[in-house]
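Single-letter residue listing:
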Amino acid sequence: MARQRSGTWLHSRDNPGFRRLPSLTIGVLGMGDIGGCVAKAFGAGFGARVVGCRSARPPPGSPDAAPPFVAEVFGVDELPSFLGACDYVVSVLPSTP
């Protein structure tokens, strides 16, 4: 509060509790068209590590195995492992039953 009153701000390099996006893992829950755009924004735009989760893990070597800017894709049956790998999660799941 004292720094706020004086207008003195710590830069990220001076604040050990501050984490920059390139040091984070962002999880995208729902790897459809919108999820792919979110992954690209965080991966290419901000340099974060991105992991995804979709209804089923794609087979290794398939075009969907690791879309651009996504380090790994988990199946929904691997949800606990997916969440454990993430610092933050962006949910772009459809509103369907």
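The following paragraphs examine the structure supplied in this document. Nothing here was measured: the structure is a model prediction, and the numbers come from that model. (Residues numbered from 1 in each chain as written. Predicted model: local features only at pLDDT ≥ 70, side-chain atom pairs only at ≥ 80, totals over all residues. Heavy atoms only, no water.)

Here's the deal with helix 2 (residues 33-45)
Phase 1: Between its terminal C-alpha atoms helix 2 stretches 17 Å, which fits the 18 Å expected from 13 residues at 1.5 Å a residue.
Phase 2: Burial in helix 2 covers these residues: Gly35, Val38, Ala39 and Gly43. Down the axis of helix 2, the buried set is contained in an arc of 120°. They therefore lie on one face. Of the exposed residues in helix 2, the ones pointing more than 90 degrees away from its buried face are Asp33, Ile34, Cys37 and Gly45.
Phase 3: For helix 2, the elements touching its buried residues are strand 1 (25-29), strand 2 (49-54) and strand 4 (88-91).
Phase 4: Gly47 sits one or two positions beyond helix 2 and adopts a positive phi of about 75°. (Helix = DSSP H or I, 4+ residues; strand = E, 2+ residues; numbered from the N terminus. Expected span 1.5 Å × (residues − 1). Buried < 20%, exposed > 50% of the residue type's maximum accessible area, 1.4 Å probe, protein only. Arc of directions from axis to C-beta. Contact = heavy atoms within 4.5 Å.)

Concerning the pairing of strand 1
Phase 1: Of all five residues making up strand 1, five are buried, and the element is well covered by its neighbours.
Phase 2: Of the two faces of strand 1, the one lined by Thr25, Gly27 and Leu29 and the one lined by Ile26 and Val28 are each fully buried.
Phase 3: In this sheet, strand 2 lies alongside strand 1 in parallel orientation, the contact comprising five bridges. Within strand 2, the residue paired with Val28 across the bridge is Gly52.
Phase 4: Taken together, strand 1, helix 2 and strand 2 constitute a β-α-β crossover, and its handedness is right-handed.
Phase 5: Where strand 1 and strand 4 come together, four bridges link them in parallel fashion. Directly across from Leu29, in strand 4, lies its bridge partner Ser91. (Pairing = 2+ DSSP bridges. Right-handed = clockwise from strand over helix to strand, strands pointing away.)

Regarding the nonpolar core
Phase 1: Core analysis: the largest hydrophobic core is formed by seven residues, namely Val28, Met31, Val38, Ala39, Val50, Val70 and Val73.
Phase 2: The contacts of Val50, once residues within four sequence positions are left out, are Ile26, Val28, Ala39, Phe42, Gly43, Phe69, Val70, Ala71 and Glu72.
Phase 3: Formed by six residues, the second largest nonpolar core is a distinct cluster that contains Leu29, Val51, Phe74 and Cys86. (Core = buried A, V, L, I, M, F, W, Y, C linked by side-chain atoms within 4.5 Å.)

Geometric values such as these leave the question of function open.
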